[in-house]
Amino acid sequence: MSLIQLLDLGVIGDERGALVSLESNKNIPFDIKRVYYIYGNKGDVARGFHAHKALKQVAVCVSGSCRFVLDDGEEKVEVILDKPDKGLKIEEGIWREMYDFSDDCVLMVLASDFYSESDYIRNYSEFLRTKSSQQ
Ligand code: T46
């Protein structure tokens, strides 16, 4: 499966403007248990630098833009999020880094589970070891 999975969230638009609705197991392919958002980042700040053991997420840049680097241990890809109707699906076991936050960036993330630090792999060598032990 491609590392870049961009979901078309669908816009319900009319003459007043746009509306995007996000629903568990419909346009978001899991039960949404948590929503968080990231904003006010300095442009030169990078975030992420971890993978999740089990968590699935969909990231939506509802305002502005930012750049994701996704890495499955074999391949690295880059994707720019700059559309509020596009969601980047990030499966478990994918290392992610985020860069180039615009001043107006609001990055909203829908997650398949509650926050748990024990689901994070924050060390890149450990991430690669996990991937090679799965092969
Ligand atoms: C991810 C990327 C896209 C909480 O207490 N609850 C939460 O729901 C979250 C997401 C974080 N935290 C705490 C954990 C840290 O002490 O907030 C602090 C900052 O989190 P972190 O450094 O992991 O933030 P990012 O921006 O590097 O990563 C976040 C998510 O943590 C992560 O799951 O995939 O955004």
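Our subject is the structure that appears above.
Remember, predicted model here, so these are calculated numbers, not experimental data.

Undergrad: I'd like a description of the pattern of salt bridges, backed by residues and values.
TA: Summed over all chains, the structure comprises eleven salt bridges. Between Asp-100 and Arg-67 there is a salt bridge, and its shortest N-O distance comes to 2.8 Å. Placement of the pair is Asp-100 in the loop between β8 (95-99) and β9 (106-111) and Arg-67 in strand β5 (residues 66-71), with a sequence separation of 33 residues. Take Asp-100: its relative accessible area is 43%, and that puts it in the partly exposed class. Between Asp-82 and Lys-83 there is a salt bridge, with the nearest N and O atoms lying 3.3 Å from each other. Taking relative accessible area as the criterion, Lys-83 reaches 42% and is therefore assigned partly exposed.

Undergrad: Can you explain the sheet that holds strand β4 (residues 57-63)? Please cite residues and give values.
TA: Pairing within the open sheet is antiparallel, and its five strands lie in the order β1-β7-β4-β9-β2. Each edge of the open sheet carries a strand with a single partner, namely β1 (5-8) and β2 (34-39). The average angle at which neighbouring strand axes cross in this sheet is 30°, direction not considered. Bridge count for β4 against strand β7 (residues 86-90) is four bridges, and the pairing is antiparallel. Each residue of the ladder has a partner; that of Ala-59, found in β7, is Leu-88.

Undergrad: An account of the site of the ligand is requested, with residue identities and associated values reported.
TA: In the region of the ligand, 13 residues are neighbours, and Arg-34, Arg-47, His-52, Gln-57 and Tyr-120 sit closest. Residue Arg-47 places a side-chain N or O atom 2.7 Å away from an oxygen atom belonging to the ligand. Here an oxygen atom of the ligand and a side-chain polar atom of Tyr-120 are 2.6 Å apart. Within the complex, 69% of the 650 Å² of free accessible area of the ligand lies under protein. At the level of elements, β2, β3 (47-52) and β8 are the ones that each hand at least two residues to the shell around the ligand. Residue contributions to the shell around the ligand peak at four residues, all from β3. The class makeup of the residues in the shell around the ligand is five nonpolar, four polar and four charged.

Undergrad: Outline the packing of aromatic side chains, supporting the account with residue identities and numerical values.
TA: On inspection of all chains with the given rule, the structure shows six aromatic pairs. Feature note: the residues Trp-95, Tyr-124 and Phe-127 constitute an aromatic cluster, connected by ring pairs.

Undergrad: Give me the lowdown on the nonpolar core, citing residues and values where you can.
TA: Residues Ala-59, Cys-66, Phe-68, Leu-70, Leu-81, Leu-88 and Leu-107 are the most contacted members of the largest nonpolar core, which totals 18 residues. Elements with a contribution of two residues or more to this core: β4, β5, β6 (76-81), β7 and β9. In contact with Leu-70, other than residues within four places in its own chain, are Leu-3, Glu-75, Lys-76, Val-77, Leu-88, Ile-90, Ile-94, Trp-95 and Arg-96. In this structure, Ile-28, Val-58, Val-60 and Met-108 belong to the second largest nonpolar core, which totals eight residues.

Undergrad: If you had to explain the side chain of Arg-67 to someone new, which residues and values would you point to?
TA: For Arg-67, a relative accessible area of 19% corresponds to the buried category. In this structure the side chain of Arg-67 is engaged in a polar contact, spanning 2.8 Å, whose partner is the side chain of Asp-100. If sequence neighbours within four positions are ignored, Arg-67 has contacts with Glu-78, Val-79, Ile-80, Glu-97, Met-98, Tyr-99 and Asp-100.

Parameters at a glance
Residues numbered from 1 in each chain as written. Predicted model: local features only at pLDDT ≥ 70, side-chain atom pairs only at ≥ 80, totals over all residues. Heavy atoms only, no water. Salt bridge = Lys/Arg side-chain N within 4 Å of Asp/Glu carboxyl O. Helix = DSSP H or I, 4+ residues; strand = E, 2+ residues; numbered from the N terminus. Buried < 20%, exposed > 50% of the residue type's maximum accessible area, 1.4 Å probe, protein only. Pairing = 2+ DSSP bridges. Axes fitted to C-alpha atoms, helices over the stretch in contact; angles between N-to-C directions. Near = heavy atom within 4 Å. Polar contact = N/O pair within 3.5 Å; in protein donor to acceptor, adjacent residues only side chain to side chain. Areas by Shrake-Rupley, 256 points an atom, 1.4 Å probe, with all protein chains shown as cover. Nonpolar A, V, L, I, M, F, W, Y, C, P; charged D, E, K, R; others polar. Phe/Tyr/Trp six-rings, centres within 6.5 Å; stacked < 30°, edge-to-face > 60°. Core = buried A, V, L, I, M, F, W, Y, C linked by side-chain atoms within 4.5 Å. Contact = heavy atoms within 4.5 Å.

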